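In case you want the letters, here they are:
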Amino acid sequence: MSVREFGFICGDFSLVQANGLLLPGYEQSYFAKSLIPGGDETEISGRYLLRVYHKGSVVCKAKVDVAWDAHTAQSDACLGMKVEDTAAFTEALGKACGKHVELRFTKIAKGLVIAGD
């Protein structure tokens, strides 16, 4: 069984809400699908475990549904996420806003139980 992962390292992290999705970004931009080489939109959409790191420590961990949304600020589709508890998620990620962070997305296989959730 293979688990697909992808991630981003960014400075000046930000998070906005648009079209019912949470859009993570950096330096007044969003994460474009084209940043994932060979990433087919349907293949890289779905349920993921997101871990956000700052200075080597996890500042947020959550299950997210990843989708790719056309945003007027970018010509390429950008990463959008849905979570069960948006308020708690944005509060947890608020600690990382404006900082240098690493985002890691690990595809959740069907039936996989994640410790701590």
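Because the structure is a prediction, the values reported are computed rather than measured. (Residues numbered from 1 in each chain as written. Predicted model: local features only at pLDDT ≥ 70, side-chain atom pairs only at ≥ 80, totals over all residues. Heavy atoms only, no water.)

**Quick notes on the layout of surface pockets**
Point 1. Counted as a void, the largest pocket has a volume near 200 Å³.
Point 2. If you trace the largest pocket, you find 11 residues lining it, with Lys-61, Ala-62, Lys-63, Glu-84 and Asp-85 closest to the centre.
Point 3. Here the element with the most residues in the lining of the largest pocket is strand β6 (residues 57-69); it accounts for four residues.
Point 4. Its residues assigned to classes, the lining of the largest pocket shows five nonpolar, no polar and six charged. (1 Å grid on protein atoms, 1.4 Å probe; cavity = no way out; pocket = protein on both sides within 12 Å on 5 of 7 lines; lining within 4 Å. Points joined across faces, edges and corners; volume = space filled by probe spheres on them. Helix = DSSP H or I, 4+ residues; strand = E, 2+ residues; numbered from the N terminus. Nonpolar A, V, L, I, M, F, W, Y, C, P; charged D, E, K, R; others polar.)

**Some details on the packing of aromatic side chains**
Point 1. Enumeration over the complete set of coordinates arrives at eight aromatic pairs.
Point 2. A ring pair is formed by Phe-8 and Phe-105, whose centres lie 6.5 Å apart and whose planes are at 80°; its orientation type is edge-to-face. With Phe-8 in strand β1 (residues 5-10) and Phe-105 in strand β8 (residues 101-107), this residue pair connects regions lying 97 residues apart in the sequence. Grouping residues by exposure puts Phe-8 and Phe-105 together as buried.
Point 3. Pairwise contacts between aromatic rings join Phe-6, Phe-8, Tyr-26, Phe-31, Tyr-48, Trp-68 and Phe-105 into one cluster. (Phe/Tyr/Trp six-rings, centres within 6.5 Å; stacked < 30°, edge-to-face > 60°. Buried < 20%, exposed > 50% of the residue type's maximum accessible area, 1.4 Å probe, protein only.)

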